Amino acid sequence: TFVPASRVSRIKVSPSTAAAARARELKAAGRDIADLTVGEPDFDTPEDVKAAAHAAIDRGETKYTSVNGTPALRKAIIGDFAKRVGIQYADNEICVGGGAKQILFLALMASVENGAEVIIPAPYWVSYPDMVIANEGTPVIVACPEEVGFKLTAEALERAITPKTLWLILNAPSNPTGAAYDEAELKAIGKVLLRHPHVMVLSDDIYDQVWFRDEPMKTLVAVVPELKDRVLLTNGVSKSYAMTGWRIGYGAGPGALIAAINKLQSQMSSCPSSVSQAAAAHALANDQKFVSESVAVYKQRRDYTCARLNAIPGLSCMVPDGAFYLYPSCAGVIGKKTPDGKIIENDLDFVLYLLDGVGVAALQGAAYGLSPYFRISFATSMKVIEDACNRIEQAAAALS
Ligand code: PLP
């Protein structure tokens, strides 16, 4: 029988992917499931983006591209960063991959070894610790409680840095909390980083256009441009343009790191899909009213869902600034008894109770590194959201 290498046995399957699969299985088995595990827009890819892909196929753009992507895509990425982040990147400072996930993995693979430390503020996107572990690094988890808005403070960062620290991972708006940093908070973080020149920053901005506030979303390198040579900015078309299945993500950062990523990419996949690159270049280079239209819909859903959850005794929910997730606390139901006489000991018990009791699929906060919370996604129809809120209300009321 096959025995996987230790780098495989050290890590786990992404819990969000596993939970989504479980919800799909239950649905296929005929159970009526209100699925709130979805990590992708429920909208279709914009028509003009699809047309750009058809046109690329018709022009015969169906061959390998250069490892760092087509010139048109790189130009569109550089233009988008210049416009929205305010930083002008050079052509050799851009890499592209099969999703931002691949860029993040390659960046760690290109840099981490011998237990190098990677600071990961919790709650975190489920993939970061395993990506670090797979690449023989040491995740250093820093708890960022709700009292500080689920955000890394300058003090907490200062305490976590050691001589072995290689990376800090920042993700805002965050999956799972939707929290994002204001200018003063980023300045304070930047000040700490300027004192520790050996620390680099992975700035995962994949949700930066799913943004609900009036003032523009701020990212570290825009606020502290002195850090430009130490920040890898990653982004992609998945979330902003409803293009998760096209698998295009990209990074911008120091040329030496980008060259290392591209070297690995040359041996790993040669390049991402040429057709998807054409579609992504079109999405980035042309104004997409889709973004503002979809964000307006997400915002209505956010407001509705937060209000409903906050009205349920035992639950409470911070209003997120961006992304399409809520991270409600279930502290008020811990210790209560289900109608079957089972005590809810933790957030996993609570999400299992929601699934078994009322058919709502959500994810336990333990998977994101901060309990007792659970993550729900509002990237689903209002009908599903209303139904799910009714069921959660009913489940909470049945506890004693
Ligand atoms: N980063 C975060 C925080 C995410 O939530 C996701 C997707 O769920 C990604 C990165 C990866 O996006 P993609 O690989 O589709 O570009």
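Nothing here was measured: the structure is a model prediction, and the numbers come from that model. (Residues numbered from 1 in each chain as written. Predicted model: local features only at pLDDT ≥ 70, side-chain atom pairs only at ≥ 80, totals over all residues.)

**What to know about the site of the ligand**
Here comes step 1: The environment of the ligand is made up of 13 residues, and the closest members are Gly99, Ala100, Lys101, Gly236 and Ser238.
Here comes step 2: Looking at the shell around the ligand residue by residue, the classes come out as 3 nonpolar, 8 polar and 2 charged. (Near = placed C-beta within 6 Å. Nonpolar A, V, L, I, M, F, W, Y, C, P; charged D, E, K, R; others polar.)

**Quick notes on the domain arrangement of the protein**
Here comes step 1: Taken domain by domain, the protein holds domain 1 (6-44 + 290-397) and domain 2 (63-285).
Here comes step 2: A C-alpha centroid distance of 26 Å is found between domain 1 and domain 2.
Here comes step 3: Across the boundary between the two partners, domain 1 contributes 32 residues, which contact 32 residues of domain 2.
Here comes step 4: Residue contributions to the side of domain 1 that touches domain 2 peak at 6 residues, all from helix α12 (residues 289-310).
Here comes step 5: Of the residues assigned to the side of domain 1 that touches domain 2, the class counts are 17 nonpolar, 6 polar and 9 charged. (Domains from an automatic or database assignment. Contact = placed C-beta atoms within 7 Å. Helix = DSSP H or I, 4+ residues; strand = E, 2+ residues; numbered from the N terminus.)

**Description of the sheet that holds strand β12 (residues 374-377)**
Here comes step 1: Taken together, 3 strands build an open sheet; the order of strands is β9-β12-β11 and the sheet is antiparallel. Two strands bound the open sheet, and with one partner strand each, they are β9 (325-326) and β11 (363-364).
Here comes step 2: In this sheet, β12 lies alongside β9 in antiparallel orientation, the contact comprising 2 bridges. The residue bridging Leu326 from the neighbouring strand is Ile376, located in β12. (Pairing = 2+ DSSP bridges.)

**Some details on helix α4 (residues 71-84)**
Each full turn of the α-helix corresponds to 3.6 residues, which orients residues three or four apart in the same direction.
Here comes step 1: Over its 14 residues, α4 extends 20 Å from the first C-alpha to the last, a length consistent with the 20 Å expected when each residue adds 1.5 Å.
Here comes step 2: Against the buried residues of α4 lie β2 (94-97), β7 (231-236), β8 (249-252) and α11 (274-285).
Here comes step 3: Count one or two residues on from α4 and you reach Gly86, which has phi positive near 85°. (Expected span 1.5 Å × (residues − 1).)

**Some words on the sheet that holds β8**
Here comes step 1: With mixed pairing, the 7 strands of this open sheet are ordered in space as β2-β8-β7-β6-β5-β3-β4. If you trace the sheet from one side to the other, it starts and ends with β2 and β4 (138-143), each paired once. Strand-to-strand, the axes of this sheet are offset by a mean angle of 20°, without reference to chain direction.
Here comes step 2: Pairing of strand β5 (residues 165-171) with strand β6 (residues 200-204) involves 5 bridges; the strand directions are parallel. Of the residues in β6, the one forming a bridge with Ile169 is Leu202.
Here comes step 3: The strands touched by α4 are β2, β7 and β8; relative to β2, the strand with the most contacts, the crossing angle is about 115°. (Axes fitted to C-alpha atoms, helices over the stretch in contact; angles between N-to-C directions.)

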